[in-house]
Amino acid sequence: MNCTRIQHLPKDLQAGKSDVSLVFLSSDCVSFRFLFLAYICLLSAEFLNPAYQALPGFLASTKYKSSPTDPADTAVQMAFESKGKDLIGILMERPDSARGFGTLMSTWGEGHSLIQDLYPVNERLPKGFDDSRDSVMFVDVGGGYGQKAIALKRACPQLPGRFIVQDLPGTVANAPKVEGIEMMGHDFFTEQPIKGASPLSIDALLQLKTYTGARAYYIRQCLHNWPTEKCLTILKHIHDAMKPGYSKLFVHELIVAERGASIWSTTQDFNMMTLCATMERTEGQWREMLGQANLKVVGVYPSKDGESEGIIEAEKA
Ligand SMILES: C[S@@+](CC[C@H](N)C(=O)[O-])C[C@H]1O[C@@H](n2cnc3c(N)ncnc32)[C@H](O)[C@@H]1O
């Protein structure tokens with residue numbers, strides 16, 4: 001499996017062309033390439049391989065009856081005798097693996113399609129943007145070290161408004177400081193703080209906050225880490241912060257083909273089952289889940305390479 005992953009490393013990364021200086025202080029791409037591979041190998045040896053070795057035993061223990069759905073009870077817990085802790089909980093007890101995992105995640109999509117490659121950001125998002133003080137253009141929920149927001153801001157410098165990246169406080173603390181990008185500690189299972197100030201609130205009356213909720217909420221490679229019930233909690237908090245007819249939600253995830261799914265999609269599907277008791281989803285499964293969260297899909301923008309993540313655009317139903 002690890003060979004498959006390495007084969008599937010983005011071509012830019014294999015060629016040492018990625019912009020990773022935000023993650024590693026060294027901007028030497030060749031050393032980055034080796035560091036990245038070293039991280040994968042280390043993680044594989046210390047973390048992923050034990051989880052995969054436990055998978056057959058775990059599935060046998062469930063009598064192969066159904067796919068795992070409890071993120072605190074799948075193969076990785078069996079491997080580390082950590083039943084009751086989810087992946088993040090297990091990683092937090094292993095700081096070296098956690099650091100490696102964070103670095104791997106922050107570089108994972110290097111070379112994959114970005115939102116601005118798939119969606120006409122410049123044409124659609126500024127139109128009708130509430131340009132009053134404090135207005136927020138883009139909130140990257142579970143945005144890691146902010147690479148996607150940084151790349152969007154660089155690619156589309158004319159986009160107005162604030163750009164905010166939210167992640168767990170421990171992740172935000174390690175993120176690079178980049179001008180124009182605000183890092184914010186936020187647990188996505190709790191109320192979304194970037195939402196419109198109620199017209200009767202003190203903030204609104206004193207004109208301390210005038211924003212109306214973000215124009216765009218963006219969530220990439222987070223929902224695929226969680227079973228549907230947990231995803232619905234995350235989506236509900238985003239939904240509640242969205243302004244009807246104004247805010248958009250962009251889900252940037254693998255959209256698995258209904259038939260003949262790629263090796264990459266199916267490998268990732270196994271990874272999600274083994275580590276997080278969940279799965280990669282088809283377009284139909286995304287539509288169904290978003291519908292359950294009272295969000296209607298208004299556009300689907302598949303990845304250009306047919307392999308990496310596509311964009312699903314949704315609005316309040
Ligand atoms: C697979 S990474 C994706 C990161 C980023 N969106 C990207 O595409 O590069 C999943 C992210 O979810 C974050 N995360 C996990 N649990 C979270 C929570 N409860 N609240 C906010 N972020 C969380 C992790 O710290 C991690 O950065």
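Note that the structure is a prediction, hence the values are computed from the model and not measured.

Draft legend 1. Region of the structure containing the overall build of the protein. If you tally the helices and strands in the protein, you get 14 helices and 9 strands. Looking at the protein residue by residue over its 317 residues, the buried ones come to 38%. In the protein, 68% of the contacts between residues at least 6 apart in sequence involve partners at least 24 apart.

Draft legend 2. Region of interest: the environment of Glu307. Residue position: Glu307 is located in the loop between β8 (295-301) and β9 (310-316). For Glu307 and Ile263, which are 44 residues apart along the polypeptide, the C-alpha to C-alpha distance reads 8.8 Å. What Glu307 contacts, discounting residues up to four positions off in sequence, is Ser262 and Trp264.

Draft legend 3. Geometry of the nonpolar core. Of all hydrophobic cores here, the largest spans 66 residues; its most connected members are Ile115, Phe138, Val139, Tyr217 and Tyr218. Those residues within four positions of Val139 in sequence are excluded, and the remaining contacts are Ile164, Gln166, Ile194, Ala214, Tyr217 and Tyr218.

Draft legend 4. Layout of the pairing of strand β1 (residues 136-141). Burial runs high along β1: 6 of the 6 residues are buried. Here β1 runs beside strand β2 (residues 162-167); their pairing, made up of 5 bridges, is parallel. Residue pairing for β2: Val141 is matched across the bridge by Gln166. Taking the sense of rotation as the criterion, the β-α-β connection linking β1, helix α9 (residues 147-155) and β2 turns out right-handed. Direction of pairing for β1 relative to strand β4 (residues 216-220): parallel, over a ladder of 4 bridges. Among the inter-strand pairings, Phe138 is bridged to a residue of β4, identified as Ala216.

Draft legend 5. Seen up close, the packing of helix α12 (residues 228-241) against helix α14 (residues 283-292). Their axes nearest at 9 Å, the elements α12 and α14 cross at an angle of 55°. One element, α12, and the other, α14, form an angle in the oblique class. Crossing angle aside, the handedness with which α12 passes α14 is right-handed. In this structure, α12 contributes Thr228, Cys231, Leu232 and Leu235 to the contact, and α14 contributes Met289, Leu290 and Gln292. For the contact of α12 with α14, a count of residues per class yields 5 nonpolar, 2 polar and no charged.

Draft legend 6. Representation of the site of the ligand within the structure. Near the ligand you find 18 residues, and of these Gly142, Gly144, Phe188, Arg220 and Gln221 are the closest. Broken down by class, the residue content of the shell around the ligand amounts to 6 nonpolar, 8 polar and 4 charged.

Draft legend 7. Geometry of the sheet that holds strand β3 (residues 181-185). Spatially, 7 strands are ordered β3-β2-β1-β4-β5-β9-β8 in an open sheet, and the strand pairing comes out mixed. Edge positions in the sheet fall to β3 and β8, since each has one partner strand and no second. For this sheet the average axis-to-axis angle between neighbouring strands, irrespective of direction, equals 25°. Where α9 meets the sheet, it contacts β1, β2, β3 and β4, and its direction lies at approximately 150° from that of β1. Relative to β8, α12 is tilted by about 100°, and along the sheet it contacts β1, β4, β5 (248-253), β8 and β9.

The rules behind these values
Residues numbered from 1 in each chain as written. Predicted model: local features only at pLDDT ≥ 70, side-chain atom pairs only at ≥ 80, totals over all residues. Helix = DSSP H or I, 4+ residues; strand = E, 2+ residues; numbered from the N terminus. Buried ≥ 20, exposed ≤ 12 C-beta atoms within 10 Å, placed from the backbone. Contact = placed C-beta atoms within 7 Å. Core = buried A, V, L, I, M, F, W, Y, C linked by C-beta atoms within 7 Å. Pairing = 2+ DSSP bridges. Right-handed = clockwise from strand over helix to strand, strands pointing away. Axes fitted to C-alpha atoms, helices over the stretch in contact; angles between N-to-C directions. Parallel < 35°, antiparallel > 145°, perpendicular 65-115°, else oblique. Left-handed = near helix turned anticlockwise from the far one by under 90°. Nonpolar A, V, L, I, M, F, W, Y, C, P; charged D, E, K, R; others polar. Near = placed C-beta within 6 Å.

Honestly, that's just the spatial picture; any functional story needs more than this.
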